[in-house]
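An overview of the molecular structure
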Number of protein chains: 4
Amino acid sequence: MKDEFELAIKKLKDRGVEVRDISLLVYDLQKDYNEISLEECDDAVIKVINKNESIHAILVGISLDEMAEKGMMDDGINKIITEDSSLFGLDEILALSIVNMNGSIALTNFGYVDKIKPGIIGVIDKLGKEKKGCYTFLDDIVGAIAASAASRIAHSK
Amino acid sequence: MKDEFELAIKKLKDRGVEVRDISLLVYDLQKDYNEISLEECDDAVIKVINKNESIHAILVGISLDEMAEKGMMDDGINKIITEDSSLFGLDEILALSIVNMNGSIALTNFGYVDKIKPGIIGVIDKLGKEKKGCYTFLDDIVGAIAASAASRIAHSK
Amino acid sequence: MKDEFELAIKKLKDRGVEVRDISLLVYDLQKDYNEISLEECDDAVIKVINKNESIHAILVGISLDEMAEKGMMDDGINKIITEDSSLFGLDEILALSIVNMNGSIALTNFGYVDKIKPGIIGVIDKLGKEKKGCYTFLDDIVGAIAASAASRIAHSK
Amino acid sequence: MKDEFELAIKKLKDRGVEVRDISLLVYDLQKDYNEISLEECDDAVIKVINKNESIHAILVGISLDEMAEKGMMDDGINKIITEDSSLFGLDEILALSIVNMNGSIALTNFGYVDKIKPGIIGVIDKLGKEKKGCYTFLDDIVGAIAASAASRIAHSK
């Protein structure tokens, strides 16, 4: 698993997302409820990522974005993924693979960040909307990791 | 089913929630995306409620609130439900019974309203926090209906 | 949490379910894939039960069964729960609270035991069908614990 | 949507799955509960497939299988998907996109067929195990469609 974990971290970084970017989302989600440091958030993010379910969702989700970007799938499917219409919901479903493992606080936080698009999620979303690449799956994956890490902290305090 | 539907509407009303209160949440969730009337929102709310899964969640959720309020369950359980600690997540899970039937737009909207607590959800939440009754399950049920109705409208436009 | 854990174990026992009954289900689910002992299964069952989400689902689910049995809820709702028609699905949803925390192996095992009703699940199901009490929620809770413990073992081997 | 529906049907056929193959699974799932004809099963399968959520899951799932088969993704990811280890659960999660829309009967039937692998699911599974192609996502998608169609029939009878 160690190799796959490092591959997941590397792929996130290649697509513009550092662990710290996600920790900042976690901090904002938890600051009204718990006294926490950014380092604790980093730690929770790492623990969420370092699970089979998360690693697989990260690797497969980013692959889908990359392949749609390069036009490597059938025309119809490339179009569906790159357009990311509001009726395309598979990106949220794939992210549930991460969220479900972390209880209902993760679930409601996920819906919230998906709607509000704070910090790095807004950055990624804008890149997608400006057609600077395909980020259909990535924003939901990042939201799911942040929401799950916030849930871990809430349960541990 | 007709009797059960009317019982569900009646129980919501008995606990202080009218269809229109939910429609106002739906309207706010959809107004930035679609040209809609409040009447269309009423219609979508009715359609969401009029399903087996919704009726059962409404009736069972409200029963749990009422029985906890009256102290009819084992002490330990009454306490867990009336306190509605942030680590109690069964209310959200029960509401998923409604949300899941309505796709991923419903899911993210549900997380959002659960966090923001707009309109009637905030009213119910406050009643619970001020110990004027037990509303642990009701606020999530109302949020789930609103989120699902908004998803129905998004898919139909 | 320790008190709530012991309350959950006690309530299961009061309704006729011992940890070992669940361990036997886990053993059968895993014996074709892994070399395991019944004691390891006991251990996995205890670990699954000893989580907020599981304890709450056990306590609330058994309360619903007990209150329906005693006719303490509104007529319409008592009837829906005691009849446990094949269209009533809230029992499965409540059990998802346990299953979701334990990944997709838990999910498919849950569907499987819910359909096959092996061991103690069949015993409980029969009691309900013969109107010797209301066990609508309990069989799904037991299935969810068994499926989740099997998933834990699969992931740890 | 009409074009996407036809593309989904075509892709299923290209990978060896006809509507009728799925109808046969539905028939077996429902025959003990309801008097049904194979034609009714065909009809329910078509209705399940003809939804945004189902079409997207079919198209994206089959694309992932095809790209893993051709080795078009990063080595690490190709390997994870083609091996389909018992700890890889993203295939079941993607299929939930179809199952969730169809209630809890769909959920338990999905777990059951995923475990038993009847009819065409067993055929696909064997092709994958014998390395005659990558069918990691397809078997779960087919199981999800069958389970959902069975749930539709159960609710309509």
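Residues numbered from 1 in each chain as written. Chains lettered and ligands numbered in written order. Predicted model: local features only at pLDDT ≥ 70, side-chain atom pairs only at ≥ 80, totals over all residues. Heavy atoms only, no water.

Bringing the overall build of chain A into the picture now. When helices and strands are counted, chain A shows 9 helices and 0 strands. Listed by position from the N terminus, the elements making up chain A come as α-α-α-α-α-α-α-α-α. The C-alpha radius of gyration computed for chain A amounts to 15 Å, which stays within 12% of the reference 15 Å derived for 157 residues, consistent with globular compactness. For chain A, the spread of C-alpha atoms along the three principal axes comes to 50 × 35 × 25 Å. When each of the 157 residues of chain A is scored for burial, the buried share is 60%. Residue pairs at least 24 apart in sequence account for 72% of intrachain contacts in chain A once pairs closer than 6 positions are excluded. Between the centroid of the 19 positive side chains of chain A and the centroid of its 28 negative side chains there is a distance of 2 Å. (Helix = DSSP H or I, 4+ residues; strand = E, 2+ residues; numbered from the N terminus. Rg over C-alpha atoms; globule rule 2.2 N^0.38 Å. Buried < 20%, exposed > 50% of the residue type's maximum accessible area, 1.4 Å probe, protein only. Contact = heavy atoms within 4.5 Å. Lys, Arg positive; Asp, Glu negative; His and termini not counted. Charge placed at Lys NZ, Arg CZ, Asp CG, Glu CD.)

With that settled, consider the relation of the copies chain A and chain C. It takes a turn of 180° to lay chain A on chain C, together with a shift of 0.0 Å along the axis; the resulting RMSD is 0.0 Å. The transformation just described matches what one would write down for a two-fold rotation axis. For chain A, the residue whose C-alpha comes nearest the rotation axis is A:M101, separated from it by 2.1 Å. Interface overlap between copies: 100% of the residues of chain A at the interface are likewise at the interface in chain C, consistent with a symmetric, same-surface contact. (Least-squares fit on C-alpha atoms with pLDDT ≥ 70 in both.)

Across the contact, 24 residues belong to chain D and 24 residues belong to chain A. Summed over both partners, the interface of chain D with chain A comes to about 2200 Å²; 77% of that surface belongs to carbon and sulfur atoms. Taken together, chain D and chain A are joined by 2 salt bridges. Taken together, the links from chain D to chain A amount to 2 residue pairs in polar contact (both at pLDDT 80 or more). Looking at the side of chain D that touches chain A, the elements that each hand over two or more residues are α1 (2–14), α4 (52–69), α5 (75–83) and α6 (90–99) of chain D. (Buried area = accessible area lost by both parts, 1.4 Å probe. Salt bridge = Lys/Arg side-chain N within 4 Å of Asp/Glu carboxyl O. Polar contact = N/O pair within 3.5 Å; in protein donor to acceptor, adjacent residues only side chain to side chain.)

The general pattern is negative phi for most residues beyond glycine and trans for most peptide bonds. Residues and elements named next belong to chain A. Unusually for a residue other than glycine, K117 sits at a positive phi of about 55°. Tracing the backbone shows K117 in the loop between α7 (103–116) and α8 (119–129). On the basis of relative accessible area, K117 is assigned to the partly exposed category, the value being 25%.

Residue and element names in this part refer to chain C. Taken N-terminus to C-terminus, the directions of helix α2 (residues 19–30) and helix α9 (residues 138–156) make an angle of 50°; their axes are 9 Å apart at the nearest point. Taken together, the axes of α2 and α9 are oblique relative to one another. As α2 runs across α9, the sense of the crossing is right-handed. Contacts from I22, L25, V26, L29 and Q30 in α2 reach V142, I145, A146, A147, A149, A150, I153 and A154 in α9. (Axes fitted to C-alpha atoms, helices over the stretch in contact; angles between N-to-C directions. Parallel < 35°, antiparallel > 145°, perpendicular 65-115°, else oblique. Left-handed = near helix turned anticlockwise from the far one by under 90°.)

Residues and elements named next belong to chain A. With 99% of its residues at a pLDDT of 70 or more, chain A shows a mean pLDDT of 94. Averaged over each element, pLDDT in chain A is lowest for helix α5 (residues 75–83) (89) and highest for helix α3 (residues 38–49) (98). Interface scoring of the predicted complex returns ipTM 0.93; its pTM is 0.94. (pLDDT = per-residue confidence, 0-100.)

Below, the discussion takes up the environment of B:G143. All names here are of chain B. Within the fold, G143 resides in helix α9 (residues 138–156). Separated by 41 residues in the primary sequence, G143 and N102 have C-alpha atoms spaced 13 Å apart. Among all residues touching G143, those that are not within four sequence positions of it are F110, V113 and I121.

Turning next to the pattern of salt bridges. Residues and elements named next belong to chain A. In the structure shown here, the tally under the stated rule is 56 salt bridges over all chains. Across the pair K126 and E130 runs a salt bridge whose closest N-O atoms are separated by 3.1 Å. With relative accessibility at 38%, the residue E130 sits in the partly exposed group.

Bringing the relation of the copies chain D and chain A into the picture now. When chain D is brought onto chain A, the operation consists of a screw motion whose angular component is 180° and whose axial shift is 0.0 Å, with 0.0 Å RMSD remaining. An overlap of 100% is found between the interface residues of chain D and their copies at the interface of chain A, pointing to a shared contact surface.

Residue and element names in this part refer to chain A. Among the structural elements, A106 can be located in helix α7. In this structure the C-alpha to C-alpha distance between A106 and K11, which are 95 residues apart in sequence, comes to 23 Å. Leave out the neighbours within four places in its chain, and A106 touches V99, A147, S148 and S151.

Let us look at the interface of chain A and chain C. At the interface, 7 residues of chain A touch 7 residues of chain C. With both sides pooled, the region where chain A packs onto chain C buries about 540 Å², and carbon together with sulfur makes up 45% of that total. If you sort the residues of chain A by the area they bury against chain C, A:N100, A:M101 and A:H155 come out on top, with a joint share of 65%. Inspection of the region where chain A meets chain C yields 0 salt bridges. Across the side of chain A that touches chain C, the residue classes break down as 1 nonpolar, 5 polar and 1 charged. (Nonpolar A, V, L, I, M, F, W, Y, C, P; charged D, E, K, R; others polar.)

Further remarks concern the packing of aromatic side chains. All names here are of chain A. Across all of its chains, the model carries 6 aromatic pairs over all chains by this definition. Residues F88 and F137 carry aromatic rings whose centres are separated by 5.9 Å and whose planes lie at 90° to one another, so their mutual orientation is edge-to-face. With a gap of 49 residues between them, F88 in the loop between α5 and α6 (90–99) and F137 in the loop between α8 and α9 (138–156) connect regions that are remote in the sequence. An identical accessibility class is assigned to F88 and F137; each is buried. (Phe/Tyr/Trp six-rings, centres within 6.5 Å; stacked < 30°, edge-to-face > 60°.)

The subject of this paragraph is the side chain of C:D114. Assignment of secondary structure puts C:D114 in helix α7 (residues 103–116). Despite its burial, C:D114 pairs with no opposite charge, the nearest such side chain being C:K117 at 4.6 Å.

Each α-helix winds once per 3.6 residues, and so residues spaced three or four apart point in a common direction. All names here are of chain D. An ideal rise of 1.5 Å per residue puts 18 Å on 13 residues; α1 measures up with 18 Å between its terminal C-alpha atoms. Buried residues of α1: F5, A8, K11 and L12, and no others. For α1, the buried positions fall inside an angular range of 125° around the axis, keeping them on one side. Set apart from the buried face of α1 by more than 90 degrees, the exposed residues are K2 and D3. The secondary structure elements touched by the buried residues of α1 are α3 (38–49), α4 and α9 (138–156). (Expected span 1.5 Å × (residues − 1). Arc of directions from axis to C-beta.)

Residues and elements named next belong to chain D. One can find D91 in helix α6. For the buried D91, no salt bridge is present, and the opposite-charge side chain at shortest range is K117, 7.8 Å distant. In contact with D91, not counting residues within four places along its chain, are D84, T136, F137 and D140.

Let's shift gears to the environment of A:I58. Residues and elements named next belong to chain A. If you trace the backbone, I58 turns up in helix α4 (residues 52–69). Classification of I58 by relative accessible area gives buried; the value is 0%. As a C-alpha pair, I58 and F137 span 79 residues in sequence and 8.7 Å in three-dimensional space. In contact with I58, not counting residues within four places along its chain, are A8, L12, I49, I141 and I145.

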